[in-house]
Amino acid sequence: MIPGVAVLGSTGSIGTSALKVLARQRDRFRVVALTAFGQKDRLEAQVAAFRPAFVGLVSGAGTDGWRAGRASLVEAVTRPDVDIVLNGIVGAAGLEATLAALAAGKRVALANKETLVMAGELVTRTARERGGEIVPVDSEHSAVLQCVTGRSPAEVQRLILTASGGPFHSWDAERVRHATVDEALNHPTWRMGRKITVDSATLANKALEVIEAHFLFGLPYDRIEAVVHPQSVIHSFVEFVDGSVMAQLGFPNMELPILYALTHPDRVPDDGVTRFDPVAAGPLTFEPVRTEVFPALALGMRAGRTGGSAPAAFNAANEVAVAAFLAGRALFGRIAEVIAVVLEEQIVTDVSSVEAVLEADAWARRRAEELLRCS
Ligand SMILES: NC(=O)c1ccc[n+]([C@@H]2O[C@H](COP(=O)([O-])OP(=O)(O)OC[C@H]3O[C@@H](n4cnc5c(N)ncnc54)[C@H](OP(=O)(O)O)[C@@H]3O)[C@@H](O)[C@H]2O)c1
């Protein structure tokens, strides 16, 4: 039986890349469910191309037979004909579907890193207890997974996640503080959705990824590091206990990690991938992260170490501040400032239930909005 795939967020950057991969792999996977938030026309075109059994449009009923509302996400992922859920939703809105899919024992190919950041313990426990499986789509975590597959966790010493450094990696602090939306969206190596592109510019994305790596691979925070690698060719390094270091390479393109998340631990031929050429890749360089210019990274890593509700608050404050920046309501530099105040004021609680996670998320959103109104 060909495994059925539900693609959540099919109209986004990850979703459309996933559908390109799935179009080339029709004899290995069939698309049985597609969901989007509001891009009805794009979703209609995808439905015409893939003829899925289930279609969900969260923001409202689209067409006869389509499901609407947030409940459509849970409905999509718990269908008996769905074996793999590719979660390409952006932000905290993806949490419920991830949890429902894992509770139903499905493989979740997870691009929606915010899920693991806000509720890492709950999500990993749900997977463990209910037979679900989380396979990362993020290129850095896919790289780590590809390096550690077949090894015992005790053999892994350290992870070094690479970061492009974003569009401002060589700018001074004052210029970064006043960066415009167009400048922040002009990512040097990756074409992605708007929210993650801003997260890459603040380096909040790398903090989210460090927390994601902590939950995925079970390593303490003092063994997960980040390094700036402007070419985005090496997707991460894994150091083993004997000092040997492995890395995974490829031109920046999400189609490979998406395919690997579907097939892990197997590999299948893909004639759509751009073959690697070390000469064309050119010199590969590395720089330390300038934490003084990009405070969001240190703030997020501190929230990760604090644990409890701190990562959820970090994520929520970041989502609100990024939305305000994109809407022209806040300076770029305000994003990290708002996160800092929210984390400072937060009373950290235990977040072992979904209600506790959502409460921490809601409090941080409210506080971030208040702070943005005052600025
Ligand atoms: N893009 C990348 O290369 C990349 C790489 C690594 C990780 N990721 C992660 O992958 C996730 C998606 O990123 P992206 O760049 O693909 O974002 P994106 O282009 O903005 O796409 C987001 C998708 O989620 C849907 N969506 C938005 N709000 C929703 C809601 N409230 N409920 C249900 N669906 C909703 C959107 O639907 P509409 O289009 O209808 O609004 C769209 O299909 C993020 O967590 C990001 O950090 C992305």
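About the thresholds
Residues numbered from 1 in each chain as written. Predicted model: local features only at pLDDT ≥ 70, side-chain atom pairs only at ≥ 80, totals over all residues. Heavy atoms only, no water. Near = heavy atom within 4 Å. Polar contact = N/O pair within 3.5 Å; in protein donor to acceptor, adjacent residues only side chain to side chain. Areas by Shrake-Rupley, 256 points an atom, 1.4 Å probe, with all protein chains shown as cover. Nonpolar A, V, L, I, M, F, W, Y, C, P; charged D, E, K, R; others polar. Domains from an automatic or database assignment. Salt bridge = Lys/Arg side-chain N within 4 Å of Asp/Glu carboxyl O. Helix = DSSP H or I, 4+ residues; strand = E, 2+ residues; numbered from the N terminus. Expected span 1.5 Å × (residues − 1). Buried < 20%, exposed > 50% of the residue type's maximum accessible area, 1.4 Å probe, protein only.

1. Here we look at the site of the ligand
Inference 1: Among the 25 residues in the neighbourhood of the ligand, the closest are listed as T11, G38, Q39, E114 and G193.
Inference 2: In this structure, I14 approaches the ligand through a main-chain N or O atom, which is 2.8 Å from an oxygen atom.
Inference 3: Contact between the ligand and Q39: an oxygen atom at 2.8 Å from a main-chain N or O atom of the residue.
Inference 4: Relative to its unbound accessible surface of 900 Å², the ligand loses 86% to contact with the protein.
Inference 5: Here the shell around the ligand is built from residues that sort into twelve nonpolar, ten polar and three charged.
Inference 6: Per-domain counts for the shell around the ligand show at least three residues from each of domain 1 (4–137) and domain 2 (139–251 + 276–292).

2. Thoughts on the domain arrangement of the protein
Inference 1: For the protein, the domain assignment lists domain 1 (4–137), domain 2 (139–251 + 276–292) and domain 3 (307–375).
Inference 2: For domain 2 versus domain 3, the separation of C-alpha centres amounts to 23 Å.
Inference 3: The interface formed by domain 2 and domain 3 contains one salt bridge.
Inference 4: Between E337 and R177 there is a salt bridge, with its nearest N and O atoms 2.7 Å apart.
Inference 5: Across the contact surface, domain 2 and domain 3 share three residue pairs in polar contact (both at pLDDT 80 or more).
Inference 6: The set of elements that each furnish at least two residues to the side of domain 2 that touches domain 3 consists of α7 (173–177), α8 (181–184), α9 (194–202) and α10 (204–217).
Inference 7: Broken down by element, the residue count for the side of domain 2 that touches domain 3 peaks at six residues, all from α9.
Inference 8: The residue makeup of the side of domain 2 that touches domain 3, split by class, is twelve nonpolar, three polar and four charged.

3. Notes on α10
Inference 1: Between its first and last C-alpha atoms α10 spans 20 Å; for 14 residues at 1.5 Å apiece the expected length is 20 Å, and the two agree.
Inference 2: Within α10, 13 of the 14 residues are buried, leaving the element largely enclosed by the surrounding structure.
Inference 3: Looking at the residues trailing α10, positive phi occurs at G218, about 70 degrees.

4. Quick look at the pattern of salt bridges
Inference 1: Per the stated rule, a full pass over the model turns up 23 salt bridges.
Inference 2: E255 is the salt-bridge partner of R24, the closest N and O atoms lying 2.8 Å from each other. Of this pair, R24 sits in helix α1 (residues 13–24) while E255 sits in helix α11 (residues 255–263), and the two are 231 residues apart along the sequence.
Inference 3: Judged by its relative accessible area of 10%, E255 falls in the buried class.
Inference 4: Among the salt bridges present, the one from R70 reaches E96, with a minimum N-O distance of 3.0 Å. On the criterion of sequence distance, the pair formed by R70 in the loop between β4 (67–68) and α3 (71–77) and E96 in helix α4 (residues 95–103) is long-range, its members being 26 residues apart.
Inference 5: Linked through salt bridges whose partners overlap, the residues forming this network are K113, D138, E140, K206 and E209.

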